[in-house]
Amino acid sequence: MNAPGITLDQVGFAYRDTSFLFDHRFPTGKVTAVMGPSGAGKTTLLHLIAGFERPRSGRVLIGDTDVSAMPPDRRPVSMVFQENNLFAHLSVAQNVGLGLDPGLRLSTQQRTAVSAALDRVGLAGKKQRLPRELSGGERSRVALARAALRDRPVLLLDEPFAALGPALRQDMLTIIDAQRRERNLTVLFVTHQPEDAEAIADTVLFLEQKGNSLSGNAGDFFGPLGPPAFKAYIGMAHQKLNRPAPPPKPT
Ligand SMILES: Nc1ncnc2c1ncn2[C@@H]1O[C@H](COP(=O)(O)OP(=O)(O)OP(=O)(O)O)[C@@H](O)[C@H]1O
């Protein structure tokens, strides 16, 4: 599949008292980590690409197609949310089947595809369970399987693993990386976890407050000469989110 890149061409957008200008290009077949402080506009950026929000000015392009006015279900995009958005009353297999047909009128071939998608994320034995009968990590995998089945060339991930511990997050990153390679997906991955971004991202988009942004190669961003503002942010993020405070030095 020829995965399209994404262009936000001078995209202006505003909520009542917050305005944004996004002007970014996301390369085809690569993972971009979208990072930055709370409220900087990471989710807003993803919603403009997915079509849940419409630009006030400028254009959103996927490949060469201007999708600015296209409704979300017609865009070549799958999105996985932090809450995973599973229907509590539907089985795991049905939740995944919704990715193919919102009415769940699935052909035999589609049922086989659902089964295969669940096998790929290690949920072969749990297809008939309800979401509440799964762990948090397993629920994330159901959401990923559903996104994979939709077979859209752009995958948007909005902190989908924030509630998971490090080992499970690593598991999910491995699944995403495998899917990206298999299907040449263009992936945007919002995360507050520097080590997740470092593990999987080819490029980084760092959104600062007040609409400033920096972008570049992930190796450069995380290397010793990475942008100071980004280094300061991830230093802070490490302290706040991941690292226990160091023990006091003996006097
Ligand atoms: N529906 C809305 N109505 C009004 N303001 C909103 C709405 N959604 C978001 N905002 C505001 O827009 C700004 C950006 O929000 P957004 O959710 O994109 O930030 P974020 O970078 O994803 O933050 P976080 O890391 O906390 O998820 C925030 O100041 C937020 O309060």
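Residues numbered from 1 in each chain as written. Predicted model: local features only at pLDDT ≥ 70, side-chain atom pairs only at ≥ 80, totals over all residues. Heavy atoms only, no water.

**Describing the site of the ligand**
Phase 1 of the analysis: Near the ligand the following residues occur: Tyr-15, Phe-20, Pro-37, Ser-38, Gly-39, Ala-40, Gly-41, Lys-42, Thr-43, Thr-44, Glu-159 and His-192.
Phase 2 of the analysis: Take Thr-44: an N or O atom from its side chain is 2.6 Å from an oxygen atom of the ligand.
Phase 3 of the analysis: Measuring from an oxygen atom of the ligand, one finds a side-chain N or O atom of His-192 at 3.0 Å.
Phase 4 of the analysis: The protein chains hide 61% of the 640 Å² of surface that the ligand would expose on its own.
Phase 5 of the analysis: It is helix 1 (residues 42-50) that contributes the most residues to the shell around the ligand, three residues altogether.
Phase 6 of the analysis: Its residues assigned to classes, the shell around the ligand comprises four nonpolar, six polar and two charged. (Near = heavy atom within 4 Å. Polar contact = N/O pair within 3.5 Å; in protein donor to acceptor, adjacent residues only side chain to side chain. Areas by Shrake-Rupley, 256 points an atom, 1.4 Å probe, with all protein chains shown as cover. Helix = DSSP H or I, 4+ residues; strand = E, 2+ residues; numbered from the N terminus. Nonpolar A, V, L, I, M, F, W, Y, C, P; charged D, E, K, R; others polar.)

**Overview of the packing of aromatic side chains**
Phase 1 of the analysis: What the rule picks out here adds up to ten aromatic pairs.
Phase 2 of the analysis: For the ring pair Tyr-15 and Phe-20, a centre distance of 6.2 Å and an interplane angle of 90 degrees mean the geometry is edge-to-face.
Phase 3 of the analysis: Exposure remark for Tyr-15: the relative accessible area of 35% places this residue in the partly exposed category.
Phase 4 of the analysis: Among the residues examined, Phe-20 registers a relative accessible area of 12% and is labelled buried.
Phase 5 of the analysis: Seen in terms of ring centroids, Phe-222 and Phe-230 are 5.3 Å apart; in terms of plane orientation they differ by 80 degrees. Their pairing is edge-to-face.
Phase 6 of the analysis: Ring-pair connections join several aromatic residues into one group, and the members of that group are Phe-206, Phe-221, Phe-222, Phe-230 and Tyr-233. (Phe/Tyr/Trp six-rings, centres within 6.5 Å; stacked < 30°, edge-to-face > 60°. Buried < 20%, exposed > 50% of the residue type's maximum accessible area, 1.4 Å probe, protein only.)

**Remarks on the nonpolar core**
Phase 1 of the analysis: Counting 43 residues, the largest nonpolar core has Met-35, Leu-118, Leu-144, Leu-157, Phe-161, Phe-222 and Phe-230 as its most contacted members.
Phase 2 of the analysis: If one sorts the elements of this core by residue count, helix 4 (residues 136-150) sits on top with six residues.
Phase 3 of the analysis: Inspection of this core shows a minimum of three residues originating in each of domain 1 (1-76 + 152-251) and domain 2 (88-151).
Phase 4 of the analysis: When near neighbours in sequence (up to four residues on either side) are disregarded, Phe-222 contacts Met-35, Pro-194, Ala-197, Glu-198, Val-204, Phe-230, Lys-231 and Ile-234. (Core = buried A, V, L, I, M, F, W, Y, C linked by side-chain atoms within 4.5 Å. Domains from an automatic or database assignment. Contact = heavy atoms within 4.5 Å.)

**Focus on the domain arrangement of the protein**
Phase 1 of the analysis: For the protein, the assigned domains read domain 1 (1-76 + 152-251) and domain 2 (88-151).
Phase 2 of the analysis: Distance from the C-alpha centre of domain 1 to the C-alpha centre of domain 2: 25 Å.
Phase 3 of the analysis: Taken together, the connections running from domain 1 to domain 2 amount to two salt bridges.
Phase 4 of the analysis: Our count for the contact surface shared by domain 1 and domain 2 stands at four residue pairs in polar contact (both at pLDDT 80 or more).
Phase 5 of the analysis: When residues of the side of domain 1 that touches domain 2 are traced back to their parent elements, those giving at least two are strand 7 (154-158) and helix 5 (166-183).
Phase 6 of the analysis: Here the side of domain 1 that touches domain 2 gets eight residues from one element, more than from any other, and that element is helix 5.
Phase 7 of the analysis: Within the side of domain 1 that touches domain 2, the residues separate by chemical class into eleven nonpolar, one polar and four charged. (Salt bridge = Lys/Arg side-chain N within 4 Å of Asp/Glu carboxyl O.)

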